[in-house]
Amino acid sequence: MGRLIIVKCDCGFCKDDYMYGINSSYPEENKHQSALAKSGHYGKRWQELLMKDPELRVNAEYRLYQCSGCHKLISEHCMDLYKASKDDDYYIPETNEVLYEYKHICPDCKKKMVYIPISQEHCLTGTDNPEELVFCPKCGNTVIASLCGYTD
Ligand SMILES: [Zn+2]
Ligand SMILES: [Zn+2]
C-alpha cells in the first residue's frame, strides 16, 4: 500500500528506503502524529490550532522533501492541517482542502525544505514508474527519484 522511493547517483550515493504515501497502519500512525502535534512536537502554532478546533485533522502521509540549501533529502510526515469532508481513516486531503500548510525545515541547515511530488495517479496503478528530478544530496548533480517498491 505504501511506497518506497529510490535515489541513486553516479557519485555513489544510493538510498532506496524513503517512505512515500500511507501504509496499512496509517490510522494508528495518524493518531500518533496528531497526538504529537497536540503536545507541541510540531511547534506551538500547530498545537494551538489543533486544540482550538477539534475538527482539524492532520495529513500524516509520508512525503519526500529536499532542502533548498544543503540538498538534504528526507521523507517526513506531511502534517498539513485540513477539515475532513468524509469520515475515512485512510483519507488524504485534496490540495484545496488543506487549511494550513506545514513548513518543513532542514534539520541540518534550518533552510526551507521543498516538497517533491511523485505522481499519485501513477503510483496507484502500480504499473508505471513515476519519477521526479531531485538534487543528489551528496554531490548536487541532478538525479532521478523514483518509486521502487511497496511497504505493507
Ligand atoms: Zn539543509
Ligand atoms: Zn551524487
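Residues numbered from 1 in each chain as written. Chains lettered and ligands numbered in written order. Predicted model: local features only at pLDDT ≥ 70, side-chain atom pairs only at ≥ 80, totals over all residues. Heavy atoms only, no water.

(A) Representation of the packing of aromatic side chains within the structure. Scanning all chains against the criterion turns up 5 aromatic pairs. Note on tryptophan 46 and tyrosine 100: the rings are 6.3 Å apart at their centroids and 70° apart in plane angle, and the pair reads as edge-to-face. Taken together, the positions of tryptophan 46 in helix 2 (residues 44–52) and tyrosine 100 in strand 7 (residues 98–100) put the pair 54 residues apart, joining distant regions of the chain. When the ring of tryptophan 46 is compared with that of tyrosine 102, the centres are 5.5 Å apart and the planes differ by 65°; the resulting orientation is edge-to-face. Placement of the pair is tryptophan 46 in helix 2 and tyrosine 102 in the loop between strand 7 and strand 8 (113–116), with a sequence separation of 56 residues. The side chain of arginine 63 reaches across the aromatic face of tyrosine 115, ending 4.1 Å from its centre. (Phe/Tyr/Trp six-rings, centres within 6.5 Å; stacked < 30°, edge-to-face > 60°. Helix = DSSP H or I, 4+ residues; strand = E, 2+ residues; numbered from the N terminus. Lys NZ or Arg CZ within 6 Å of the ring centre and 35° of its normal.)

(B) Spatial organisation of the coordination of the zinc ion (ligand 2). For the zinc ion (ligand 2), every protein donor is listed as Cys9 (SG), Cys11 (SG), Cys136 (SG) and Cys139 (SG), and the spread of their distances is 2.2 to 2.3 Å. Given 4 donor atoms and angles of 105 to 115° at the metal, the environment of the zinc ion (ligand 2) is assigned as tetrahedral. Spacing between the donor residues of the zinc ion (ligand 2) along the chain follows C-x1-C-x124-C-x2-C. Placement of the pair is cysteine 9 in the loop between strand 1 (3–8) and strand 2 (14–20) and cysteine 136 in the loop between strand 9 (131–135) and strand 10 (142–150), with a sequence separation of 127 residues. Looking at cysteine 9, the relative accessible area reads 10%, which means it is buried. Assessed through its relative accessible area of 1%, cysteine 136 is described here as buried. (Donors = N, O, S within 2.8 Å, 3.2 Å for Na, K, Ca; no water. Tetrahedral: all angles 85-135°; square planar, octahedral: opposite > 155°, others 65-115°. Buried < 20%, exposed > 50% of the residue type's maximum accessible area, 1.4 Å probe, protein only.)

(C) Local environment of the sheet that holds strand 7. The strand order 3-6-7 describes an open sheet built from 3 strands, whose pairing is antiparallel. One side of each edge strand has no neighbouring strand; the edge strands of this open sheet are strand 3 (56–59) and strand 7. If you compare each strand with its neighbour and ignore which way they point, the axes differ by 50° on average. Inspection of the sheet shows strand 3 paired to strand 6 (residues 80–83) by 4 bridges, in the antiparallel sense. When the bridges of strand 6 are listed, asparagine 59 appears paired with aspartate 80. (Pairing = 2+ DSSP bridges. Axes fitted to C-alpha atoms, helices over the stretch in contact; angles between N-to-C directions.)

(D) The arrangement of helix 2 in detail. Within helix 2, the full set of buried residues consists of Trp46, Leu49 and Leu50. One side of helix 2 holds all its buried residues, which, seen down the axis, span an arc of 95°. Seen from the buried face of helix 2, the exposed residues on the opposite side, beyond 90 degrees, are Lys44, Met51 and Lys52. Buried positions along helix 2 lie against helix 1 (26–38), strand 3, strand 6 and strand 7. (Arc of directions from axis to C-beta. Contact = heavy atoms within 4.5 Å.)

(E) Structural detail: the pattern of salt bridges. What the rule picks out here adds up to 4 salt bridges. Note that aspartate 53 is salt-bridged to lysine 83, the shortest N-O span being 2.9 Å. Remark: lysine 83 occurs in strand 6 and aspartate 53 occurs in the loop between helix 2 and strand 3; sequence separation between them is 30 residues. For lysine 83, a relative accessible area of 34% puts it in the partly exposed group. Of the charged contacts, one joins arginine 63 and glutamate 61 as a salt bridge, the two residues approaching to 3.2 Å between their closest N and O atoms. Note on arginine 63: relative accessible area 15%, which makes it buried. Owing to a relative accessible area of 5%, glutamate 61 belongs among the buried residues under this scheme. (Salt bridge = Lys/Arg side-chain N within 4 Å of Asp/Glu carboxyl O.)

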